[in-house]
There are 2 protein chains.
Amino acid sequence: MPQSMGAMSLPTVERLSVYLRTLKEALAEGKDYIVSTEIARRNGFTAAQVRKDLSCFGSFGVKGKGYDVKKLIEQLEEILGLNRRWNVAIVGLGNIGKALVKYKGLKKAGFDVVAIFDIDPNLVGKTYRGVQVYHTDEIGKVAKKNDIQIAIVAVPKEAAKEAIKKVIDAGIKGILNFTEVRVPIPEGFFLKNVNLLGELESITYYMVNPDRVCRCYQPVKR
Amino acid sequence: MPQSMGAMSLPTVERLSVYLRTLKEALAEGKDYIVSTEIARRNGFTAAQVRKDLSCFGSFGVKGKGYDVKKLIEQLEEILGLNRRWNVAIVGLGNIGKALVKYKGLKKAGFDVVAIFDIDPNLVGKTYRGVQVYHTDEIGKVAKKNDIQIAIVAVPKEAAKEAIKKVIDAGIKGILNFTEVRVPIPEGFFLKNVNLLGELESITYYMVNPDRVCRCYQPVKR
DNA sequence: TCCTGTGAAGTTCTTCACAGCC
DNA sequence: GGCTGTGAAGAACTTCACAGGA
C-alpha cells in the first residue's frame, strides 16, 4: 500500500479514472504490461504526465518494462474507491433521471441505484425499473435506511436549490449535480457539476473564435 | 466591440457561460447593475477572477457601479457565439440520446436538434419527437443538407470510435462526446468529453480520501 | 466612496531531462 | 536499450493589491 501520499489534484484524479479505463481496455486485449507512452498516446496526454500521476501513490512500474496491467488496475481501483460498491439515489425522475436509472454502465462500474426521489404524486410510491420512488421530502429517512452515499440530482432548475439542500440535510456526502444551478456546500461534502449547456457553449465559443484557442484545447490531442 | 482580444483559456470560457447564467438570473430579478463580488458570491468564485475574466474582452464595467446586466449579457452571448442558432444532431438514440432530444433547455439556449442518427433498423426512417431518424452512414449527406454544426454522440462505447469518425468525416466541427472513449481529432475540430463515470469516480476518490483533498476542490466553495 | 481593470506576485499544474534500475 | 520516477524548469492560472474613474 502507498506509503507517504500527498494530496492529489483534481486534474490528476480525473486522469486516473481515464487511465483505469485504458488499462481495462489493454487487459481485454491480453496485454500484461503497458508503458506510459502507450497510456498517453491512447488518451492524448503526455507520457511524463502519466508517470507523474501514477507516481503519486508509489512505484508500480517496472523500469525498462512498463506497468503491470492487472496490478495497476487493482491499485487504481483502490485509490479511486472502486474496490467496493456504492449506493446511489437519483433525485428527479425526468428525462435524464430515467436515462440514468436505465444506464447499465452505473452498475458495471460499482454504482447501485437503490432509490429514486421525485415530487410527482403519479410517480411516488411506485417503482421505476424495479427501483422504489419516494417523495423528495423523505430523502433523510430513506438515505439512512438504505445507506445512500451518493445522490445524482437531475431535477428542473427551479427545484434544484431545494433538492440539493435536502440531499445535504440527509447527510449524503457525494453529489453529482446535473442542473445548471450552483450551490455552496458544507465541508466534508463533495459536489461536482455536469453542465451540458456549458459544454456546448464552450464548443460554440471555439467555433466562433477559432483564432482564440490558446493551447489547442481539446482534451484529446495528437 | 472588443479591441485587442488575446486568447482565452478554457477555464475562462467555461466560467463565462456560468456568468451568463448568473446575469440572466439577475435580469429576471430586475437588477440593472451587478458587481463582480455578487457574481462571484453566487458561484463560488473570487471577485478578482470575475473581473479578470470579463476584462479579457474590453471594459464593460462601470467603476463604482458594477456591470450593466443587459449589456453584459449581450456581450457574453456574442463572445460565446450565442447570438445565433445552432443546428445539432444527436448520434445514438439510446437512453441518453432520447433524453437529449426531449430536453427543452437545448432549444431555449439556441440549439436546435435537426436530425437523429442511429443504426437500429426499427428507428431509421421514422421520426422521434418530430425529428427525423437517419442511418448513421448518412451523416455526411444529411449534415450537408441540414447544415449541421454540432453533433452530440451518445452511442454505446463499442460503437463510439466509428461514430465519431463518421461525424468528423461529415465535417461537423463541434462534437460533444458522451461516451467514455477518447478519440484524437483533427485541427479545426472541437471535441468535449462528458464523462459521467469519471465524475462519479472523482467523487468516490474524495469520499475515500477526504484527507487528500488539496485545495478544497469543489467547483463551488464558500 | 465604491468598484473596475490590471500589473505583479503567488500558486498550481505540466513538461523537461536525466539518474537509476531492469 | 528501454522505461520509470522525479527534481527542476517552465507554463498556465489565480489572487493580490492598488491606481484611477464614476
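Residues numbered from 1 in each chain as written. Chains lettered and ligands numbered in written order. Predicted model: local features only at pLDDT ≥ 70, side-chain atom pairs only at ≥ 80, totals over all residues. Heavy atoms only, no water.

Okay, unusual backbone geometry next. Residues and elements named next belong to chain A. The backbone of Arg129 sits at a positive phi, close to 55°, despite the residue not being glycine. Assignment of secondary structure puts Arg129 in the loop between strand 6 (127-128) and strand 7 (131-135). In this structure Arg129 comes out as exposed when scored by relative accessible area, which is 58%. Even without a glycine there, the phi angle at Asp147 is positive, about 55°. Mapped onto the elements of the fold, Asp147 is located in the loop between helix 7 (139-146) and strand 8 (150-153). By relative accessible area, which is 46% here, Asp147 ends up partly exposed. (Helix = DSSP H or I, 4+ residues; strand = E, 2+ residues; numbered from the N terminus. Buried < 20%, exposed > 50% of the residue type's maximum accessible area, 1.4 Å probe, protein only.)

Its rotation angle being 180°, the transformation that places chain A on chain B also includes 0.0 Å of axial translation and leaves an RMSD of 0.0 Å. Classification of the inter-copy transformation places it as that of a two-fold axis. Of the residues that chain A buries at the interface, 100% are likewise interface residues in chain B, meaning the two copies contact each other through the same surface. (Least-squares fit on C-alpha atoms with pLDDT ≥ 70 in both. Contact = heavy atoms within 4.5 Å.)

So, on to the domain arrangement of chain A. According to the domain assignment, chain A consists of domain 1 (10-79) and domain 2 (86-198). Using only C-alpha atoms to locate each centre, domain 1 of chain A and domain 2 of chain A end up separated by 32 Å. (Domains from an automatic or database assignment.)

Attention shifts here to the packing of aromatic side chains. Within the structure shown, the criterion is met by 10 aromatic pairs over all chains. Seen in terms of ring centroids, Phe190(A) and Tyr206(B) are 5.8 Å apart; in terms of plane orientation they differ by 15°. Their pairing is stacked. One end of the pair, Phe190(A), is in strand 10 (residues 190-193); the other, Tyr206(B), is in helix 9 (residues 196-208), on a second chain. On the basis of relative accessibility, which here comes to 9%, the residue Phe190(A) falls in the buried class. By relative accessible area, Tyr206(B) is classed as buried at 4%. Aromatic rings pair up to connect Phe190(A), Tyr205(B) and Tyr206(B) into one cluster. Over the face of the ring belonging to Trp86(A) we find Arg84(A), whose NZ or CZ atom lies 3.6 Å from the ring centre. Above the ring of Phe189(A), the side-chain terminus of Lys173(A) is found at 5.7 Å from the ring centroid. (Phe/Tyr/Trp six-rings, centres within 6.5 Å; stacked < 30°, edge-to-face > 60°. Lys NZ or Arg CZ within 6 Å of the ring centre and 35° of its normal.)

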